Amino acid sequence: MRPVAATAPAGAPPPSVSGSPQSNGRGPATLQPPPPPSSPRPSISPVARAPTLPPRPLPPPAPASSDLRLDLWVSLLQASATQFASAASSASAAASGAATRLQRLTSPPPLNFPAGPSGEQTLALLSDPLAFLKTSTERYGPLVGLLLGGERVVLVTGREEARQVLVEQAGSVYVKEGTAFFPGSSLAGNGLLVSDGAVWQRQRRLSNPAFRRAAVEAYAGAMVAATEDMLEGAWGRGGVRDVYADFNELTLQVTLEALFGFGADTDGRQRRAAAREQGAGSGAGSATTPGPASTSSSTSSASSTSSSSASSEDAQQIVAAVEKAFMFFTQRAATGFVIPEWLPTWDNLEFAAAVQQLDRVVYGMINRRRDELISVHGSVTAAACAVAAASSGNPVSCARPVPTDLLTGLLLSRDEDGSGMTDRALRDELMTLLVAGQETSAILLGWASALLAAHPEVQQAVVEEVLAVCGRTDVPDAQSVRQMPYLESVVLETLRLYSPAYMVGRCARVDAALGPYSLPAGTTVLVSPYVMHRDPDVWEEPEAFKPSRWHDLQRREGYQGAMSLMANLGPNGAYLPFGGGPRNCIGAGFAMMEAMLVLAAVLQRYSLELPAAAGAGAGADRGFPKPKPLITLRPEAAVLRITPRGGGR
Ligand code: HEM
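Residues numbered from 1 in each chain as written. Predicted model: local features only at pLDDT ≥ 70, side-chain atom pairs only at ≥ 80, totals over all residues. Heavy atoms only, no water.

1. Remarks on the packing of aromatic side chains
Argument step 1. Evaluated as defined, the whole model comprises nine aromatic pairs.
Argument step 2. Ring plane angle 50° and centroid distance 6.2 Å describe the contact between tryptophan 235 and phenylalanine 247, whose orientation is recorded as tilted. Of this pair, tryptophan 235 sits in helix 7 (residues 213-235) while phenylalanine 247 is found in helix 8 (residues 243-260), placing the two residues 12 residues apart along the sequence. Each of the two residues, tryptophan 235 as well as phenylalanine 247, counts as buried.
Argument step 3. Grouped by ring-pair contacts, the aromatic residues Trp235, Phe247 and Tyr606 constitute a single cluster.
Argument step 4. Taking the ring centre of tryptophan 539 as reference, the NZ or CZ of arginine 496 above it sits at 5.3 Å. (Phe/Tyr/Trp six-rings, centres within 6.5 Å; stacked < 30°, edge-to-face > 60°. Helix = DSSP H or I, 4+ residues; strand = E, 2+ residues; numbered from the N terminus. Buried < 20%, exposed > 50% of the residue type's maximum accessible area, 1.4 Å probe, protein only. Lys NZ or Arg CZ within 6 Å of the ring centre and 35° of its normal.)

2. Let's talk about the environment of serine 136
Argument step 1. Within the secondary structure, serine 136 sits in helix 4 (residues 129-140).
Argument step 2. Spatially, the C-alpha atoms of serine 136 and glycine 116 are 7.5 Å apart, while their sequence positions differ by 20 residues.
Argument step 3. If we skip the residues at most four places from it in the chain, serine 136 touches Gly141, Val144 and Leu155.
Argument step 4. Only 2.7 Å separates the side chain of serine 136 from the backbone oxygen of phenylalanine 132, close enough to count as a polar contact. (Contact = heavy atoms within 4.5 Å. Polar contact = N/O pair within 3.5 Å; in protein donor to acceptor, adjacent residues only side chain to side chain.)

3. What to know about the UniProt feature "binding site: heme" (unreviewed entry) in the protein chain
Argument step 1. Those residues carrying the UniProt feature "binding site: heme" (unreviewed entry) are Cys585 in this numbering.
Argument step 2. Structurally, cysteine 585 can be placed in the loop between helix 21 (562-565) and helix 22 (588-605).
Argument step 3. The class of cysteine 585 is partly exposed, set by a relative accessible area of 33%. (UniProt positions renumbered as here; feature names shortened; annotations may be inferred.)

4. Things to note about the sheet that holds strand 8 (residues 524-527)
Argument step 1. A sheet is described by the order of its strands in space; here five strands give the open sequence 1-2-8-5-3, paired in mixed fashion. The sheet is open, and its two edges are formed by strand 1 (143-148) and strand 3 (174-175), each paired on a single side.
Argument step 2. Of the pairings in the sheet, the one linking strand 3 to strand 5 (residues 504-508) comprises two bridges and is antiparallel in character. The residue of strand 5 that forms the bridge with tyrosine 174 is alanine 508.
Argument step 3. Helix 4 rests against strand 1 and strand 2 (151-156) of the sheet, and its axis sits at about 130° to strand 1. (Pairing = 2+ DSSP bridges. Axes fitted to C-alpha atoms, helices over the stretch in contact; angles between N-to-C directions.)

Below is the structure:
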């Protein structure tokens, strides 16, 4: 959500632990919205959605960097009439939107609009978003009427009201299109995060199979392998590191491997081995790399692959382009003002080049994968049938295995009428998954590690649980982490306190009634998991880090794992780290699996501590990371001391 860079983020001391795990130290014997990412990459400035352009042919290779801007200017000027028309209509829509917003600054709120602070509140929100959300709710209740950037906005933190928006009236009243602060982007196109109606329904239907439990378990191998690389390479003998920066690299690698299968081959193993060597020789342990979403060593680890392989080159190009694109989003969010992507500014041109580069590689991979499937199975439809038969237990189909990455899953997915996704839709979904899944997962891992470091008794209980299941030498896998309910409760509790998607946005497409109030069509509604997760009427000791609060729920009869706890906005209607209703996070199972596998592997081999209370971070918070609510609620950095436990792998 919002952007604020130049403002002091809300400092937050580590929550205290109350309620300790069971006496065996292992917790219970049995067992709970883009941006991102996560939810879409939002920003506090209203902006017109990037125009959806017609499918493009494969773009040419990106120009050399010295001529990049000139070439892009020229190509913009030579753009087709359709694109000009589209940009012109976006510009005119933006101008009329701006006029309406200006008018609102001087007009009273609509009749029967929820009460809230008078006047424009953007500055108050930008100066300390988390405090603004909390104090507004405390003062005005579960529905707060706001004027933000000239937009009429309602902040929703009540359980029933959130359910109306996200579940009951999802699609019929509350949609994505028109939501202020959640601009679409040419990077993710018309993918799941931003599409609505029939387009979204079909894409979700076609994407669902790739996220079923069995499919997610197939990605566990990539998660484990990437974690091993990090532990044996960069983490090596330990030291003081910004683990949030490390997790950003790790989750980028995992996401790319899950999306495109980069790691499934010999080349992937070579890359990991090279990364290990590199890390071992680099005096691991001393690096502290502050800063968000730094992916530089992803680049170097990708660069270390054999350049003769097409997939290595693809990986390098993707990582480089993703770095540029994510940097663009971060800077855009930090300025507090969104310049529409169709304006040919310096930054926009660089971003456009990164998107072009990604398009070229991704379309290339789609084509190659399709060709491979056709050459092995005769046709894509035959390959899809083979997969369907294999999953229903027909051994005949297993003769020629089909890759298990998301690209293949989406390529083979078929609607009831037998049709699949167009290349454009495939590309949009792949980019959406990259945008939505990478940073959010890194944030979760960053906060979880910091909370574990701040609460050694909780960390110790998790370590005992991990060692009881895997010992010191077995690598945690999809099956073993299912036997770690206490670790699961740590992840659930981390998501409660530091929900990466701390705001989820919708737009009322028609005049709507919400509670006792009336919302005119076009009102933006912001549901805040952050505030709901800390509601004292719902949560006992809401500010405390208390994994044990999940024990009873985990023990509940018929418990089917963490995902079942999150259905219908959680067990108490106030837990929605992955959103809720039909637009909930399709990658929630993926994210939970990844978080548990990574944390189990980390804690099996390393202890985590906040660095000794020294310097500026000393004092009550002992160096606990400060939240940085930009697009997502990330830690500013998570600098921890990591120490090998010894005696293990
Ligand atoms: C800790 C990690 C994650 C968090 C906290 C998170 C959170 C969320 C939330 C809150 C939403 C709902 C947004 C809304 O209602 O507007 C969402 C949607 C989505 N997420 Fe995630 N997410 C995470 C990881 C992932 C991963 C790993 C993937 C994919 C690999 C993913 C893909 C998506 C997609 C495609 C949507 C849009 C779904 C739709 O509208 O149909 N997310 N996520």
